[in-house]
Amino acid sequence: MDNMFQRSLEDLIKGFRLQLLGESSFISRALEEIRREIKATDLSTKSTALHKLSYLAAIHGVDMSWAAFHAVEVVSSSRFHHKRIGYQAITQSFHDQTSVLLLITNQLRKDLNSVNEYEVSLGLECLSRIGTHDLARDLSPEVFTLLGSSKSFVRKKATGVVLRVFDKYPDAVKVCFKRLVENLETSDPQILSAVVGVFCELASKDPSSCLPLAPEFFKILIESRNNWVLIKVLKIFAKLASVEPRLGKKVAEPICEHMKRTVAKSLVFECVRTVVSSLSDHEAAVKLAVAKIGEFLVEDDPNLKYLGLHALSIAAPKHLWAVLENKEAVVKALSDEDPNVKLEALHLLMAMDSYELCAKSDPLFCNEIIISVLSVCSRNAYEIIVDFNWYVSLLGEMTRIPNCQRGEEIEHQLIDIGMRVGDARPQLVRVSWALLIDPAMLGNLFLHPILSAASWVSGEYVEFAKNPYELVEALVQPRTDLLPPYIRAIYIHSVFKVLVFCLGSYFSAQESSSGSSSTVAFTYESILNLVNVIEIGVWPLSGAYDVEVQERAKNVLGFIGMAKQDIAKKVNLQDNEAEACRVTAFMEDVFSEELGPISANAQEKVFVPDGLELEENLGDLEEICGKFLKPVESDSVPCADKISFSVSNLRIRDQQEASSSSTSLPPKASSSLLAEHRKRHGMYYLTSEKNDPDSNGTPNDYPPANDLASEILLDPLDPKRKAKHRKSRPVVVKLDEGDESRIITSQAKTKQESVTDDESLSRAIQSALLVNKKGKEREAKGIQI
Amino acid sequence: MIKAVMMMNTQGKPRLAKFYDFFTVEKQQELIRGVFSVLCSRPENISNFLEIDSLFGPDSWLVYKHYATLYFVLVFDGSENELAMLDLIQVLVETLDKCFSNVCELDIVFNYSKMHTVLDEIVFGGQVLETSSTEVMKAVEDISKLEAASNAVSLVPKSVSRWRGR
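Thresholds, definitions, all that
- Residues numbered from 1 in each chain as written.
- Chains lettered and ligands numbered in written order.
- Predicted model: local features only at pLDDT ≥ 70, side-chain atom pairs only at ≥ 80, totals over all residues.
- Heavy atoms only, no water.
- UniProt positions renumbered as here; feature names shortened; annotations may be inferred.
- Helix = DSSP H or I, 4+ residues; strand = E, 2+ residues; numbered from the N terminus.
- Buried < 20%, exposed > 50% of the residue type's maximum accessible area, 1.4 Å probe, protein only.
- Contact = heavy atoms within 4.5 Å.
- Areas by Shrake-Rupley, 256 points an atom, 1.4 Å probe, with all protein chains shown as cover.
- Buried area = accessible area lost by both parts, 1.4 Å probe.
- Salt bridge = Lys/Arg side-chain N within 4 Å of Asp/Glu carboxyl O.
- Pairing = 2+ DSSP bridges.
- Axes fitted to C-alpha atoms, helices over the stretch in contact; angles between N-to-C directions.
- Phe/Tyr/Trp six-rings, centres within 6.5 Å; stacked < 30°, edge-to-face > 60°.
- pLDDT = per-residue confidence, 0-100.
- Core = buried A, V, L, I, M, F, W, Y, C linked by side-chain atoms within 4.5 Å.
- Parallel < 35°, antiparallel > 145°, perpendicular 65-115°, else oblique.
- Nonpolar A, V, L, I, M, F, W, Y, C, P; charged D, E, K, R; others polar.
- Lys, Arg positive; Asp, Glu negative; His and termini not counted.
- Polar contact = N/O pair within 3.5 Å; in protein donor to acceptor, adjacent residues only side chain to side chain.
- Arc of directions from axis to C-beta.

For chain B, an unreviewed UniProt entry supplies the name AP complex subunit sigma and the organism Brassica carinata.

By the naming in an unreviewed UniProt entry, chain A goes by Clathrin/coatomer adaptor adaptin-like N-terminal domain-containing protein and is assigned to Brassica carinata. The UniProt entry for chain A carries the following comment under Sequence similarities (unreviewed entry): "Belongs to the adaptor complexes large subunit family."

Peer 1: Before we move on, can you summarise the overall build of chain B with the specific residues and values?
Peer 2: Check the secondary structure of chain B and you find seven helices and seven strands. Counting from the amino terminus, chain B carries its helices and strands in the arrangement β-β-α-β-α-β-β-α-α-α-β-β-α-α. Classification of the 166 residues of chain B by burial places 57% in the buried group. Taking contacts inside chain B between residues at least 6 apart in sequence as the whole, the part at least 24 apart equals 51%. Summed over its atoms, the accessible surface of chain B is roughly 7100 Å², and 53% of this surface lies on carbon and sulfur atoms.

Peer 1: Outline the overall build of chain A, listing residues and values.
Peer 2: Per the secondary structure count, chain A includes 40 helices and two strands. Across chain A, every contact between residues at least 6 apart in sequence was considered, and the portion connecting residues at least 24 apart equals 68%. Accessible surface, chain A: about 37800 Å² in total, of which carbon and sulfur atoms supply 54%.

Peer 1: Now, about the interface of chain B and chain A: what can you tell me, with residues and values included?
Peer 2: Counting residues at the interface gives 60 residues for chain B, matched by 67 residues for chain A. Between chain B and chain A, the buried area comes to about 5500 Å², and carbon and sulfur atoms account for 56% of it. Among the residues of chain B in contact with chain A, Tyr-112, Phe-124 and Leu-129 of chain B are the three that bury the most area, contributing 13% of the side total. Joining chain B to chain A, the criterion identifies five salt bridges. Note that Glu-130 of chain B is salt-bridged to Lys-156 of chain A, the shortest N-O span being 2.5 Å.

Peer 1: I'd like a description of the environment of Ala-454 of chain A, backed by residues and values.
Peer 2: All names here are of chain A. Looking at the secondary structure, you find Ala-454 in helix α29 (residues 448–460). Ala-454 sits in the buried class, given a relative accessible area of 0%. The contacts of Ala-454, once residues within four sequence positions are left out, are Ser-432, Leu-435 and Leu-436.

Peer 1: Tell me about unusual backbone geometry, and please be specific about residues and values.
Peer 2: Among all residues except glycine, the phi angle is most often negative; among peptide bonds, the trans geometry is most common. Residues and elements named next belong to chain B. A positive phi angle, close to 60 degrees, is found at Asp-59, a residue other than glycine. Summarising the element assignment, Asp-59 is placed in the loop between α2 (53–56) and β4 (61–67). Given a relative accessible area of 41%, Asp-59 falls into the partly exposed group. Residue Ala-68 is not a glycine yet carries a positive backbone phi of 50 degrees. Checked against the element boundaries, Ala-68 lands in the loop between β4 and β5 (70–76).

Peer 1: I'd like a rundown of the sheet that holds strand β2 (residues 14–19) of chain B, residues and numbers included.
Peer 2: Strand pairing in a sheet relies on backbone hydrogen bonds. The paired strands run either parallel or antiparallel. Residues and elements named next belong to chain B. In space, the five strands of this open sheet follow the order β2-β1-β5-β4-β3, with antiparallel pairing throughout. Edge positions in the sheet fall to β2 and β3 (49–51), since each has one partner strand and no second. Averaged over all pairs of adjacent strands, the angle between their axes in this sheet comes to 15 degrees, without regard to strand direction. By the bridge criterion, five bridges tie strand β1 (residues 2–9) to β2 in an arrangement that is antiparallel.

Peer 1: Please give an account of the packing of aromatic side chains that cites residues and values.
Peer 2: Going through the model one piece at a time under the given rule, you end up with 14 aromatic pairs over all chains. With a centroid separation of 6.4 Å and 80 degrees between ring planes, the pair formed by Phe-23 of chain B and Phe-56 of chain B is classed as edge-to-face. A residue pair is termed long-range when its members are at least 10 positions apart, and Phe-23 of chain B in the loop between β2 and α1 (25–40) and Phe-56 of chain B in helix α2 qualify at 33 residues. The exposure class assigned to Phe-23 of chain B is buried, which follows from its relative accessible area of 19%. Here Tyr-64 of chain B and Tyr-71 of chain B contribute two aromatic rings whose centre-to-centre distance is 6.2 Å and whose plane-to-plane angle is 65 degrees, an arrangement assigned as edge-to-face. Each member of the pair Tyr-64 of chain B and Tyr-71 of chain B is classed as buried. Following the ring pairs from residue to residue traces out a cluster consisting of Phe-166, Phe-177, Phe-199 and Phe-217 of chain A.

Peer 1: A description of the confidence of the model for chain B should follow, citing residues and the corresponding values.
Peer 2: On average, residues of chain B score 85 in pLDDT, and 92% of them are at 70 or above. The ipTM, which scores confidence in the relative placement of chains, is 0.87 for this predicted complex, and the corresponding pTM is 0.63.

Peer 1: Give a detailed account of the confidence of the model for chain A, specifying residues and quantitative values.
Peer 2: All names here are of chain A. On average, residues of chain A carry a pLDDT of 75, and 75% of them reach 70 or more. Scored below 50 in pLDDT, residues 683–728 makes 77 contacts in the model with residues more than four places away or belonging to other chains. With pLDDT under 50 throughout, residues 740–758 is counted as low confidence; its partners more than four residues away or in other chains account for 27 contacts.

Peer 1: Give me the lowdown on the nonpolar core, citing residues and values where you can.
Peer 2: Of all hydrophobic cores here, the largest spans 259 residues; its most connected members are Phe-199, Phe-217 and Ile-417 of chain A. Counting residues per element, this core draws most heavily on helix α31 (residues 485–511) of chain A, which supplies 15 residues. With sequence-adjacent residues up to four places away left out, Ile-417 of chain A is seen in contact with Tyr-382, Phe-388, Tyr-391, Val-392, Leu-395, Ala-424 and Leu-428 of chain A. Residues Ile-32, Leu-39, Ile-46 and Leu-62 of chain B belong to the second largest nonpolar core, which totals 20 residues.

Peer 1: Give a description of the pattern of salt bridges that names residues and reports values.
Peer 2: Under the counting rule described, the total for this entry stands at 31 salt bridges over all chains. With a shortest N-O distance of 3.4 Å, Arg-137 of chain A and Asp-134 of chain A are connected by a salt bridge. Taken together, the residues Arg-137 of chain A and Asp-134 of chain A, both in helix α9 (residues 133–147) and three residues apart, mark about one turn of the helix. Between Lys-27 of chain B and Glu-30 of chain B there is a salt bridge, with its nearest N and O atoms 3.9 Å apart. Highlighted residues: Lys-27 of chain B and Glu-30 of chain B, both in helix α1, separated by three residues, approximately one helical turn. The network of salt bridges with shared partners includes Lys-235, Glu-270 and Arg-273 of chain A together with Glu-82 of chain B.

Peer 1: An account of the packing of α9 of chain A against helix α11 (residues 172–182) of chain A is requested, with residue identities and associated values reported.
Peer 2: Residue and element names in this part refer to chain A. Their axes nearest at 9 Å, the elements α9 and α11 cross at an angle of 5 degrees. As judged from the angle between their axes, α9 and α11 are roughly parallel. Contact with α9, carried on its side by Ser-140, Phe-144, Thr-145 and Leu-147, involves Ala-172, Val-175, Cys-176 and Arg-179 of α11 and no other residues of that element. Tallied by class, residues from the contact of α9 with α11 come to five nonpolar, two polar and one charged.

Peer 1: How would you sum up the side chain of Glu-119 of chain A? Please name residues and give values.
Peer 2: Residue and element names in this part refer to chain A. Turning to its location among the elements, Glu-119 is positioned in helix α8 (residues 117–130). Lys-83 provides the closest opposite charge to the buried, salt-bridge-free Glu-119, at an N-O distance of 4.7 Å. Of the polar contacts made by the side chain of Glu-119, one reaches the side chain of Ser-114; its length is 3.0 Å.

Peer 1: Any chance you could break down helix α21 (residues 327–334) of chain A for me, citing the residues and the numbers?
Peer 2: All names here are of chain A. Listing the buried residues of α21 in full gives Lys-327, Val-330, Val-331, Ala-333 and Leu-334. The arc that holds every buried residue of α21, seen down its axis, measures 155 degrees, which confines them to one face. Those residues of α21 that are exposed and angled more than 90 degrees off the buried face are Glu-328 and Lys-332.

Peer 1: Before we move on, can you summarise the pairing of β5 of chain B with the specific residues and values?
Peer 2: All names here are of chain B. Across the seven residues of β5, seven count as buried, placing the element largely inside the fold. The alternating pattern of β5 places Leu-70, Phe-72, Leu-74 and Phe-76 on one face and Tyr-71, Val-73 and Val-75 on the opposite face, and all of these are buried. Pairing geometry for β4 and β5, over seven bridges, is antiparallel. Note that in β5 the partner of Val-63 across the bridge is Leu-74. Connecting the antiparallel pair β4 and β5 is a turn made up of two residues, with Ala-68 showing a positive phi of about 50 degrees.

Peer 1: Tell me about helix α2 (residues 9–18) of chain A, and please be specific about residues and values.
Peer 2: Three or more residues of α2 of chain A are buried, namely Leu-9, Leu-12, Ile-13 and Phe-16 of chain A. Projected onto a plane normal to the axis of α2 of chain A, the buried residues spread over an arc of 95 degrees and lie on a single side. In this structure, the buried side of α2 of chain A is in contact with α3 (23–38) and α4 (43–60) of chain A together with α4 (105–110) and α5 (112–122) of chain B.

See below:
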């Protein structure tokens, strides 16, 4: 009776789809039912319950290990239907620790000896999935018999089970191996494919044991026309050829034949793979294989492209020419929309020695590779890079590739990585140092941006430098004359940072006579030496034409002058009277503030303070300084001149004073700021009247540039916002939005300086407008009163 | 060796999952979810292979094919040829088509045991045994006949027949 009302599996599934309650409550209700039903003595009820349980276990992840004994009971039924359900449950849920495992031995034996081939196959499948050592041992005689069965269906499955039996009970090999080998000579293609499949697995585990069978496999290789069989045999030979190289010679010929004749892409690919991995010494075979790879790479099918690249990366280490032949395809693959293909192409390029590759190919291709690698790697804040030390050294190596023209992008990435990835800084400093000390780099115009990045990095992260002394020597070497002035300026500033760092550690070492915390210890002689080297190197620059170089040089020299006295007096940081100490401490403080990456939208996020009118019409400004602004507008102010605004500011004052004082030009040795700047204007903005031949004056004529430039240069950059993105690899500082992702910089300057530019400009406008407003208010008040 | 065969729909619901190595049911569900999360982010028209070491251990590859609302997934290791595996999925689908004539997802949902029968004829203990869909069909038909025969034995429940027999 109970059977009629029991829900079958189909009912369960239908109910599941129509259920209105939650899924989990439906499952638990069904489970309760199953638990009740499965205890019934009636085998039909039991088996239906078991069937439902296996379904729930497989699809909904319900545990069914508690039903193990019931499964054994169901399997003992004489009905095929129940047997199937029972065996399915067993294969799904039994494992080595299942306690009732041994109980099925007898049942298995009975089924394996059954007349019905489908019952035999059920037993075999069960054995192949859950066979343990004991089961294998007890049932190997049966397997042996079945291997020689007249029914090919049975023989096929018995062959399949052999693998597990051998694995769990090695002694079975003695018994069954011969029969297995006999099956190699069968004409039935399905049995053959099963047998070679087994041998393929056996060869992977232990190639030397299958070596004696090589002649049989060879026969199959030549005669068979079944692609599955051939693929497996090829895999076997790939493994065998690695232990027995002479085999390679014999099989190379038939493999080439197959490659030429077959239409099946799977077989072609397998041949190619076998050739490039195991037969890489056979030139003719490799050539043919590479030709086939080339065909794969130009196919539209992304699968074939991917597999072609995969085969190429296997071939690459020994056969670089293969990659060169297909270089267009590889570079094209770098920008493919399929991430697999892209990654494979990237790995291919990176795994090889890129230097060698570029040396042999033309500069255009070289740069293409470089730019592709750079863009892929830097995508999404260096998402795919895990080992930054390696990547930084790669950037350094790229610099040394002849014909490298991608200086700006490498420069950008070096600085970007320095700002974002704290852990990579030591390696960055190391790589930068190597680049800086190399005099050959200074001559190459394309590499100058990289050198500017290298020097900035070395200065900013000088605490990681092994030998600041050598660093300084590299930064002041005479050959740096070849560098353009703006890069020279960066060099000098980095020298300044290094100097501050060294002095700081020297002074603190003086203070705590027990060893200093810094890695580099400075003695009196060494610090004096360092200071002298810097002084000698920087002195000639204090008379440079370029404004910034001159300013910075003078900064450094002034600082050195002050520090030298204090070094001589052997003071320490605690000594409040020592000026140099205080200044050093102050500068160290300034430099120790970490510079982080700035989002491109950062400026927009700054809230406009109350009372600031940015939109207001600047027509009023015209009113106030109309007479002063006009002359300025007639001159062309080059935008590259960073202090242009301040200069025009002074110009206004210039004109004011000029109109009130005498019109004659003061003599050249005038000390007033006003006159000097007029002279300088005469030099830069040549007009007909101010043709002063003596304006290319001696360095002493130029006023201290400090006051002017200081408001721009010493403005510490506030990192607007930093969102630290936690990853398991070194922390890469990534900003929330508006993070930059450009490849080619149009400006040679670093971004920081242009941002400072805008800031100072906006501040100046702000203050001008505030003055304007105050003036108006006063006027209004005045009227009221 | 084949490590697993999965069929799941585009919402991640598994329709069939067979693992040829032992995993606990929780681990199985985890693997199914893991595979789905990898697959659902892949656009169309790109390659069908994936390295899946993170889920199935070293030397594991995955090949998948998207048919209508179903993903057919095969997980295998280095001793199988990738393109051959792609063909195998094709064989499986063709066989199912012959079995159910114009098979759709619903057929697969409601014929859970038949699905297993078909699959067991093609992949046996992790090895590919049969690659011809006609052969598979023959075996499947024989098995179904056998099942039907064994089921027909008792249409009358035992308790009733006992009662009648008294």
